[in-house]
Amino acid sequence: MLVATAFVLMMTVPALALFYGGMSRSKSVLNMMMMSYVAAAIVGILYVAVGWSMGFGGNGTLFANPLELLWLDGVSTGDYIFVMFQMTFAIITAALISGAVADRMKFSAWVLFVPLWAVIVYFPMAHMVFSCTDDSLICGRIGAQDYAGGTAVHINAGVAALVLVLLLGKRIGWPREQMRPHNLTLTMLGAGLLWMGWYGFNVGSIVFGDDPETQFPLETGRTFATTTLATMAAILGWLLVERLIHKKATSLGAASGIVAGLVAITPATGAVNLSGAVAIGAIAGAVCAWAVGLKYKLGYDDSLDVVGVHLVGGIIGTVLIGVFSTSEGAGGVDGLLYGGGFGSLGDQALGVVVAVLYSGVLTAVIALAVKYTIGLRLDEEDEVNGIDLAAHGESAYDLHSGTSGGSSSVLAASTATRTEGVNA
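Visitor: Would you mind going over empty space enclosed by the protein in detail, with residue names and values included?
Guide: On inspection of all chains with the given rule, the structure shows 2 cavities of 30 Å³ or more. Roughly 50 Å³ of volume is contained in the largest cavity. Forming the boundary of the largest cavity are 11 residues, of which Phe 19, Leu 304, Asp 305, Val 309 and His 310 lie nearest the centre. Put simply, the parts of the chain that give the lining of the largest cavity at least two residues each are helix H1 (2-23), helix H9 (251-268) and helix H12 (306-324). Here the residues of the lining of the largest cavity sort into 8 nonpolar, 2 polar and 1 charged.

Set out below in structure tokens:
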């Protein structure tokens, strides 16, 4: 479990930072990566202070008593590894949101938004999904299955991303200007590290939830296999749609397909068999490849397609548990395809609705509070010049032009990000 926890932390720093950083413009790549690193620092400390208590401190429909286990008071040091494991989930959920607001959200606004969102939105959602007390809303009262965070992590982050995008508005020049990823090598590397880290994410979640003497060998093997196969199927599904629509199968599509498959199998990983995992992965890859193009039709500027991948992929994986789950899985529930009727499908859909409404409403309240206090949006001049220089006084690529002792440098690489129709 130490290894699983380290893997999940690696998913944020450096994996997500590299994945998002490569898709950003060269003038904002450092800020994009900094948003992940700072989220890790802020949310990690907050989780130990009150997050664990709110999530796992006892009964409660929305959250447990935040003061009951304040600063882990009363928590055995032997349980610290479980605390740290859940902490890494909180970290990556907040960091995922950052991809939607690339280039234009003030760094100070991000630093204020993250702790408010973690305490008000994520910690309660984690209780509803992961605590599984009799009163917890999604896992307890509704009975929806979610093994590693389709609702608490991906739908939660995806809805929050959409709310921020709508309140921030479009980047200057979007969609008129072509905005391409500045370094797809970083993006591919980040995607590979995310895939590796996701084994800690999914398999670790199953291990903590099982009786180690009876279920451990069965469920860890199943979870490892379903995670792997769903991801592979999603790559192929994404590339197929890309080929049909755009006549090209791109590296950016492959990297995005990896993430879409991992997102979709996250809630279902303990519930489905191997064929179900392949079906969920293929459906998620294909649908997400189509869904990322909706921003051009609907007019919302989701910079790095957090909505199209995490919100859509999270909904797909969570709902399809009601279709593909089997009684041999960890939940012991047959889905629609295996003769279980519509009961499980209804529970899964209701879990999605609760997650969307809870995250959407409260994220809007938090974002509006930040907007009307310190402001959300970067100044126009700073956005044009680049947030790396405006917020951090740095540039990612300094090329020395002098032959001796010169300090002049220029910002290297293209200032455009992604092209319409070739999306992550």
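Picking up where we left off.
Visitor: Please set out the state of the cysteines residue by residue, giving values where relevant.
Guide: Cysteine pairs can be linked by a disulfide, which is a covalent bond between their two sulfur atoms. Applying the stated criterion across every chain, the model contains 1 disulfide. Paired by a disulfide, Cys 132 and Cys 139 hold their sulfur atoms 1.7 Å apart. Across the S-S bond of Cys 132 and Cys 139 the torsion is about 80 degrees, and the bridge reads as right-handed. Under the relative-accessibility criterion, Cys 132 is labelled partly exposed at 42%. Judged by its relative accessible area of 18%, Cys 139 falls in the buried class.

Visitor: Now, about the packing of aromatic side chains: what can you tell me, with residues and values included?
Guide: A complete count under the given rule lists 13 aromatic pairs for this structure. Following the ring pairs from residue to residue traces out a cluster consisting of Phe 85, Phe 89, Phe 130, Trp 198 and Phe 201.

Conventions used here
Residues numbered from 1 in each chain as written. Predicted model: local features only at pLDDT ≥ 70, side-chain atom pairs only at ≥ 80, totals over all residues. Heavy atoms only, no water. 1 Å grid on protein atoms, 1.4 Å probe; cavity = no way out; pocket = protein on both sides within 12 Å on 5 of 7 lines; lining within 4 Å. Points joined across faces, edges and corners; volume = space filled by probe spheres on them. Helix = DSSP H or I, 4+ residues; strand = E, 2+ residues; numbered from the N terminus. Nonpolar A, V, L, I, M, F, W, Y, C, P; charged D, E, K, R; others polar. Disulfide = S-S within 2.5 Å. Buried < 20%, exposed > 50% of the residue type's maximum accessible area, 1.4 Å probe, protein only. Phe/Tyr/Trp six-rings, centres within 6.5 Å; stacked < 30°, edge-to-face > 60°.

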